[in-house]
Amino acid sequence: MEGSYFSSANFDKADFTPESLICVDQSGIIDRVISVTDNDYQTVKQVAIDNNVLKQVPTGSYLLPGFTDLHIHAPQWPQAGLALDKPLNEWLNTYTFPLEAKFKDLDYAKKVYQSLIQELLANGTTTGLFFGSVDTNANLVLAQICADLGQRAFIGKVAMDNPEQTPDYYRDESAAMALSETETFIQKLAEMRQATGADLTAVITPRFVPSCTDETLQGLGDLAKKYDLPIQSHCSESIWEDQYAIDRFNLRDAEVLNKFGLLTDKAVMAHGTQLSDDDLSLFEQQQAAIAHCPISNAYFGNSVMRVQAAHNKNVKVGLGTDISGGFSPSIYRNMQQAIMSSQMLQDSGTPAARLSASNAFYLATIGGAKALHINSGQIKAGFKADFQIVQDQYFELSSDKSSEIFERLVYHTNKENIKQVYVAGKLVHNNQGENNGK
């Protein structure tokens, strides 16, 4: 790949590197990044041309790392943007649970998941962390589509068995059933990964503390330890959820998860709008990560998640779209909202809360990759070749200063501007002519 690129250097800084060759090996890992000033630049380029493998980023476009989306409710895709003016309880019971229950129909699941994964790839998301549904077979349909379309996927069979907080038509029949189905899914996904060679990982997924009995929470913690797997759930998403944990356990939500072995260095907990300083210290101690979902939080979170406070405590933070509590499948749109929400948080009295474009870009790339322990999110040797080629739509009108180009890309990129997407060196989305930019 020949072109200029942006890659996050650290939380506060994104680097621009002009005209370079990014060499990718057969396993989809970046082998070398060669600067135009390096002695062998022309030699390596000529070899790539001779072997017909040189891909060139067109003038006015830039190479960016692929994004990681840390929180997607895959079966909720058909209702993205619907009923977001309703209270959370009404939204779940009137819209969400009935929709998720439909995924027993595997033809319906296939249709929805095909659309969702294509849409995520088209928006530059190369890795997704997914809540599936209660139904194991539907979750395997999701996994197969991720394998077929080339997206790296972390997928969880949702466990929810508490009859007081889940509808009778959509729940695990018992704790024993929730745990046995979770284990079945883990084993079948491992078989699929082996058979397809796809980058698929099972994730332990209690929907959230209110949805699960104590037996299920403990059993899921045990399974996470037994199989050494990632864990995902919601934590302190809203005032109601935060208070529920206190009322039921006389513990904070994060403390409940930790008590059951569900707050580990492989855990990614969504939202965290109500996390206290002590909660953040517990996250840091356990090396657990937070999926910041700024669009969804504006509707259901009752507050803005304190990203700067979490970062200052060395807590891992990445971004999530939270389809469909968040209406948009675009991490760009969530970067923009993260910045806007942080300004509102600061204006309402939280000091030093504001995020920059560089901060948001870090969350979308390095932050998400670190949360999932994957070597992605950076354009440098040894990292997975997860790329997006993005067109600067105002290239001919605006400044050619790299810092300003970067901010334009963060604020103005939409799906139409994302011309190609690669996962581990493999082209998975192409939005340009066959010979354009090759």
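Residues numbered from 1 in each chain as written. Predicted model: local features only at pLDDT ≥ 70, side-chain atom pairs only at ≥ 80, totals over all residues. Heavy atoms only, no water.

1. Considering the pattern of salt bridges
In the structure shown here, the tally under the stated rule is 16 salt bridges. Ionic pairing is found between Glu183 and Lys226, a salt bridge with its closest N-O pair at 2.7 Å. Taken together, the residues Glu183 in helix α5 (residues 175–196) and Lys226 in helix α6 (residues 214–227) connect sequence positions 43 residues apart. The partner of Asp228 in a salt bridge is Lys266, with the nearest N and O atoms 3.4 Å apart. Taken together, the positions of Asp228 in the loop between α6 and β11 (231–235) and Lys266 in the loop between α8 (253–259) and β12 (267–271) put the pair 38 residues apart, joining distant regions of the chain. A relative accessible area of 52% places Asp228 in the exposed class. Judged by relative accessible area, which is 23%, Lys266 ranks as partly exposed. (Salt bridge = Lys/Arg side-chain N within 4 Å of Asp/Glu carboxyl O. Helix = DSSP H or I, 4+ residues; strand = E, 2+ residues; numbered from the N terminus. Buried < 20%, exposed > 50% of the residue type's maximum accessible area, 1.4 Å probe, protein only.)

2. Digging into the sheet that holds strand β9 (residues 200–202)
Taken in spatial order, the 4 strands make up an open sheet running β5-β6-β7-β9, and their pairing is parallel. Edge positions in the sheet fall to β5 (67–73) and β9, since each of these pairs with one other strand and no more. Neighbour to neighbour, the strand axes of the sheet diverge by 15° on average, direction disregarded. In the sheet, strand β6 (residues 125–131) pairs with strand β7 (residues 152–156) via 5 bridges, with the strands oriented parallel. What sits directly across from Thr127, in β7, is Arg152. α5 contacts β7 and β9 of the sheet and is inclined by roughly 170° relative to β9. (Pairing = 2+ DSSP bridges. Axes fitted to C-alpha atoms, helices over the stretch in contact; angles between N-to-C directions. Contact = heavy atoms within 4.5 Å.)

3. Comments concerning the environment of Asn431
With respect to the element layout, Asn431 can be found in the segment after β17 (426–430). Judged by its relative accessible area of 31%, Asn431 falls in the partly exposed class. In the structure, Asn431 is positioned 10 residues away from Val421 in sequence and 8.8 Å away in space, judged by C-alpha atoms. The residues touching Asn431, leaving out its near neighbours within four places in the chain, are Lys415, Glu416, Ile418 and Lys419. Engagement of the side chain of Asn431 in a polar contact is seen with the backbone oxygen of Glu416, the distance being 3.1 Å. Here Ile418 takes part through its backbone oxygen, which lies 3.4 Å from a polar atom of the side chain of Asn431. (Polar contact = N/O pair within 3.5 Å; in protein donor to acceptor, adjacent residues only side chain to side chain.)

4. Some thoughts on the pairing of β17
Pairing geometry for strand β16 (residues 418–423) and β17, over 4 bridges, is antiparallel. Counterpart to Tyr422 in the pairing with β17 is Leu427. Counted between consecutive antiparallel strands, the loop separating β16 from β17 contains 2 residues, among which Ala424 sits at a positive phi close to 50°.

5. Side note on the sheet that holds strand β13 (residues 289–292)
Strand-to-strand pairing in sheets goes through backbone hydrogen bonds, with the strands running parallel or antiparallel. In spatial order, the strands read β11-β12-β13-β14; together these 4 strands make up an open sheet with parallel pairing. Of all strands in the sheet, those with a lone pairing partner are β11 and β14 (316–319), marking the two edges. Shown here is a sheet whose adjacent strand axes are inclined to one another by a mean of 30°, direction ignored. The sheet contact formed by β11 and β12 spans 5 bridges and is parallel. Considered in β12, the bridge of Gln232 is made with Val268.

6. Topic: the pairing of β11
For β11, a buried count of 5 out of 5 residues is recorded, marking the element as mostly surrounded by other parts of the structure. Neither face of β11 is left uncovered, since the one carrying Ile231, Ser233 and Cys235 and the one carrying Gln232 and His234 both have all their residues buried.

7. So, helix α13 (residues 357–371)
A rise of 1.5 Å per residue sets the reference length of α13, with its 15 residues, at 21 Å; its end C-alpha atoms lie 20 Å apart and thus fit the reference within 8%. Along its length, α13 reaches its greatest deviation from straightness, about 40°, at Leu363. Of all 15 residues that make up α13, 14 are buried, and the element is covered over most of its length. His373 sits one or two positions beyond α13 and adopts a positive phi of about 60°. (Expected span 1.5 Å × (residues − 1). Bend = angle between axes of the 7 residues up to and from the residue.)

8. Some details on helix α12 (residues 331–347)
Since there are 3.6 residues in each turn of an α-helix, residues three or four apart along the chain are aligned in direction. With 17 residues, α12 extends 24 Å from end C-alpha to end C-alpha; this agrees with the ideal 24 Å at 1.5 Å per step. Taken together, the buried positions of α12 are occupied by Ile331, Tyr332, Asn334, Met335, Gln336, Gln337, Ala338, Ile339, Ser341, Ser342 and Leu345. If you check the start of α12, you find a side-chain oxygen 3.1 Å away from the backbone N of Tyr332, and it comes from Ser330. Once α12 finishes, Gly349 follows within two positions and takes phi at roughly 115°, a positive value.

9. Overview of the environment of Ser399
Note on placement: Ser399 falls in the loop between β15 (387–391) and α14 (402–412). Its relative accessible area of 25% is what places Ser399 among the partly exposed residues. For the pair formed by Ser399 and Asn314, sequence separation is 85 residues and the distance between their alpha carbons is 35 Å. Other than its neighbours up to four places away in sequence, Ser399 contacts Glu404, Ile405 and Arg408. Of the polar contacts made by the side chain of Ser399, one reaches the backbone nitrogen of Lys401; its length is 2.9 Å. Here the side chain of Ser399 touches Glu404 through a polar contact of 2.8 Å, side chain to side chain.

10. What about the environment of Lys55?
Inspection of the secondary structure assignment puts Lys55 in the loop between α1 (41–50) and β4 (61–65). Note: C-alpha distance between Lys55 and Ile295 (240 residues apart in sequence) is 35 Å.

11. Here's the deal with the side chain of Asp172
Of note, Asp172 is situated in the loop between β8 (158–159) and α5. Exposure remark for Asp172: the relative accessible area of 3% places this residue in the buried category. Within the structure, Asp172 has its side chain in polar contact with the side chain of Lys157 (distance 2.9 Å). With residues up to four places along the chain from it excluded, the contact list for Asp172 reads Val134, Lys157, Val158, Ala159, Met160, Asp161 and Ala178.

12. Digging into the packing of aromatic side chains
Within this structure, the stated rule accounts for 17 aromatic pairs. Taking 5.5 Å as the distance between ring centres and 85° as the angle between the ring planes, the aromatic pair formed by Phe11 and Tyr362 counts as edge-to-face. Here Phe11 is found in the loop between β1 (2–10) and β2 (13–24), whereas its partner Tyr362 is found in helix α13, with 351 residues between them in sequence. Here Phe11 falls in the buried class, since its relative accessible area comes to 5%. Taking the relative accessible area as the measure of exposure, Tyr362 reaches 13% and is therefore buried. (Phe/Tyr/Trp six-rings, centres within 6.5 Å; stacked < 30°, edge-to-face > 60°.)

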